[in-house]
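Spelled out, the chains give:
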Amino acid sequence: MHIFDELKERGLVFQTTDEEALRKALEEGQVSYYTGYDPTADSLHLGHLVAILTSRRLQLAGHKPYALVGGATGLIGDPSFKDAERSLQTKDTVEGWVTSIQGQLSRFLDFENGENKAEMVNNYDWFGSISFIDFLRDIGKYFTVNYMMSKDSVKKRIETGISYTEFAYQIMQGYDFFVLNQDHNVTLQIGGSDQWGNMTAGTELLRRKADTTGHVITVPLITDSTGKKFGKSEGNAVWLNADKTSPYEMYQFWMNVMDADAVRFLKIFTFLSLDEIEEIRQQFEAAPHERLAQKVLAREVVTLVHGEEAYKEALNITEQLFAGNIKNLSVKELKQGLRGVPNYQVQADDNLNIVELLVSSGVVNSKRQAREDVQNGAIYVNGDRIQDLDYVLNDDNKLENELTVIRRGKKKYFVLTY
């Protein structure tokens, strides 16, 4: 299957400037292309993964990727579909974020082998040395204010106010495309659908200043079947950095996607063939309660992002917590699996009687409720059911001398730390 047809079949093409011309270019030989990532945090998230994996698919098809991390544009801030201006970060902060993101990107693209090995670029390398006067004379003159204001990303901010700093962002992104075209013969840019206005600013600059044609592919903004989007601005970010979102948390994220989304996400986020995904779809629809699509999705993406060992650890944590086998897990694994559950720091003067501790730690609201839960067998300490009202926690309950895990009922976990 032609790479462009595969991208469409997987639901990865939202817009393109000239489909027929782009398809022809991809057929005739190696195309150099780039995707840009602004350092707005020290990690990319799942929203970025769509463009990253699309870039990888093109590389596997023989084309040459350039991964641009915006050390310059990250200092300015993209106004696209933001309600308010971003807070400007210090240069040192942005430089640190650039380094971190470059490290993440290096895991997904091949930067070492073949004629089409990936190249890492940073737009601060060309913006850092250009003067304001030169930029206005050599680049700014190719953009009319009318053209810039016609962009949806700008229109939406005119009413609430947009600074000249952010207004000029689209010219900077356009110049990125121009520089990469002139220096590396890059003729294709890939980005999210919210970047269409910025990306076509680049094709316009190429046409007017260099009399050459550039192509654009936007990948869709990924939403679930309820319309909820993946992205940190929604407060539900799943980060690619294991310290921000653990492999276990990422595993749980994919295990919990809705049935209506699971097969579609397999096409977008995995490198399973379309035939393999069709086979999974048939099995999944025959027995959706077995959650085959979610299990495969979790396995593939966690392995892709964090490696096979991290996937196996996430699977083991899931299975042991489900079975209540707390003692089968290390403290390191427990911290990963129980991140985000209520936590109580045990004080030196705390009464460690089970009833007293359940109340002081906030597991229950009253001694009466605590006594009922203990007597009814609803309380577990490190996986062991406790039904003795006089039970007192001691050093034997401290796992690796760091924490104790209390479970109330089937699923409610609480962590005591010392």
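Since we're looking at a predicted model, the values are computed, not measured. (Residues numbered from 1 in each chain as written. Predicted model: local features only at pLDDT ≥ 70, side-chain atom pairs only at ≥ 80, totals over all residues. Heavy atoms only, no water.)

### As for the sheet that holds strand S3 (residues 64–69)
Strand pairing within a sheet occurs via backbone hydrogen bonds; the two strands may be parallel or antiparallel. Selection rule: Here, any two strands with at least 2 DSSP bridges between them count as paired. Helix and strand assignments follow DSSP, with helices taken as H or I runs no shorter than four residues and strands as E runs no shorter than two, numbered in order from the N terminus. Residue contacts follow a heavy-atom distance rule, with two residues in contact if any of their heavy atoms lie within 4.5 Å. Helix axes are fitted to C-alpha atoms over the stretch in contact, other axes to C-alpha atoms as well, and angles between N-to-C directions run from 0 to 180 degrees.
Sheet architecture is open: 6 strands sit in the order S1-S6-S5-S2-S3-S4, paired in mixed fashion. Whereas interior strands pair on both sides, the edge strands pair on one side only; in this sheet they are strand S1 (15–16) and strand S4 (119–122). One ladder, built from 6 bridges, connects strand S2 (residues 32–37) with S3; its direction is parallel. Residue tyrosine 33 lies in a different strand from S3, and its bridge partner there is proline 65. Lying over the sheet, helix H2 (residues 19–28) contacts S1, strand S5 (186–192) and strand S6 (215–219), oriented at roughly 100 degrees with respect to S6.

### Structural notes on the packing of helix H12 (residues 247–255) against helix H16 (residues 308–323)
Selection rule: Note on angle classes: values under 35 degrees are labelled roughly parallel, values over 145 roughly antiparallel, values of 65 to 115 roughly perpendicular, and the remainder oblique. Residue polarity follows a fixed list, in which Ala, Val, Leu, Ile, Met, Phe, Trp, Tyr, Cys and Pro are nonpolar, Asp, Glu, Lys and Arg are charged, and the others, Gly among them, are polar.
The N-to-C vectors of H12 and H16 enclose an angle of 70 degrees; their axes lie 8 Å apart at closest approach. Taken together, the axes of H12 and H16 lie roughly perpendicular to each other. In contact with Pro247, Tyr248, Tyr251 and Gln252 of H12, H16 contributes Ala310, Tyr311, Ala314, Leu315, Ile317, Thr318 and Leu321. Its residues assigned to classes, the contact of H12 with H16 comprises 9 nonpolar, 2 polar and no charged.

### Side note on the pairing of S3
This is how the line gets drawn: Accessibility here uses a 1.4 Å probe with only protein chains present; expressed as a share of the type maximum, an area under 20% marks a residue as buried, one over 50% as exposed, and anything in between as partly exposed. Orient the strands so they point away from the viewer; a crossover is then right-handed if the path from the first strand over the helix to the second runs clockwise.
Here S3 lies mainly inside the structure; 6 of its 6 residues are buried. Covered by surrounding structure in S3 are Lys64, Tyr66 and Leu68 together with Pro65, Ala67 and Val69, the residues of both alternating faces. Note on the crossover from S2 through helix H3 (residues 46–60) to S3: the handedness is right-handed. One ladder, built from 4 bridges, connects S3 with S4; its direction is parallel. Residue pairing across strands places tyrosine 66 opposite glutamate 119, the latter belonging to S4.

### As for the pattern of salt bridges
Here is the rule: Any Lys or Arg side-chain nitrogen found within 4 Å of a carboxyl oxygen on Asp or Glu counts as a salt bridge.
Applying the stated rule across the entire model yields 22 salt bridges. Between lysine 244 and aspartate 42 there is a salt bridge, and its shortest N-O distance comes to 3.2 Å. Here aspartate 42 lies in the loop between S2 and H3 and lysine 244 lies in the loop between S6 and H12, a separation of 202 residues in the sequence. In this structure, the salt-bridge partner of arginine 339 is glutamate 249, at a minimum N-O distance of 3.0 Å. One end of the pair, arginine 339, is in the loop between helix H17 (331–337) and strand S7 (343–345); the other, glutamate 249, is in helix H12, and 90 residues separate them in sequence.

### Re the nonpolar core
Filter applied, for reference: Among buried residues, the Ala, Val, Leu, Ile, Met, Phe, Trp, Tyr and Cys ones that are joined through side-chain atoms within 4.5 Å form a nonpolar core.
The biggest cluster of nonpolar side chains holds 70 residues, and the ones touching the most others in it are Leu49, Leu240, Met250, Trp254, Phe269, Leu321 and Leu334. Methionine 250 has contacts with Leu46, Val238, Trp239, Leu240, Thr245, Val301, Val302, Val305 and His306, leaving out every residue within four places of it along the chain.

### Observations concerning the pairing of S2
Regular strands show a simple pattern: their side chains alternate between the two faces of the sheet. Counting buried positions over the 6 residues of S2 gives 5, a clear majority of the element. As paired elements, S2 and S5 share 4 bridges and run parallel to each other. Bridge pairing in S5 places tyrosine 33 opposite leucine 188.

### Some details on the sheet that holds S7
The strand order S7-S11-S10-S8-S9 describes an open sheet built from 5 strands, whose pairing is mixed. Edge positions in the sheet fall to S7 and strand S9 (384–385), since each of these pairs with one other strand and no more. Pairing of strand S10 (residues 403–408) with strand S11 (residues 412–417) involves 6 bridges; the strand directions are antiparallel. Pairing of leucine 403 across the sheet is with threonine 417, part of S11.

### Let's talk about the layout of surface pockets
As a reminder, the rule being used: Here a cavity means grid points, on a 1 Å grid over the protein atoms only, where a 1.4 Å probe fits yet cannot get out; a pocket means an open set of points with protein on both sides within 12 Å along at least five of seven lines; lining residues are those with an atom within 4 Å of a point. Grid points are joined across faces, edges and corners, and a volume is the space filled by probe spheres set on the points.
Each pocket or cavity is described by its volume, and for the second largest pocket that value is around 600 Å³. If you trace the second largest pocket, you find 19 residues lining it, with Gln252, Thr318, Leu321, Phe322 and Lys411 closest to the centre. Secondary structure elements with two or more residues in the lining of the second largest pocket: H12 and H16. At 5 residues, the largest contribution of residues to the lining of the second largest pocket is made by H16.

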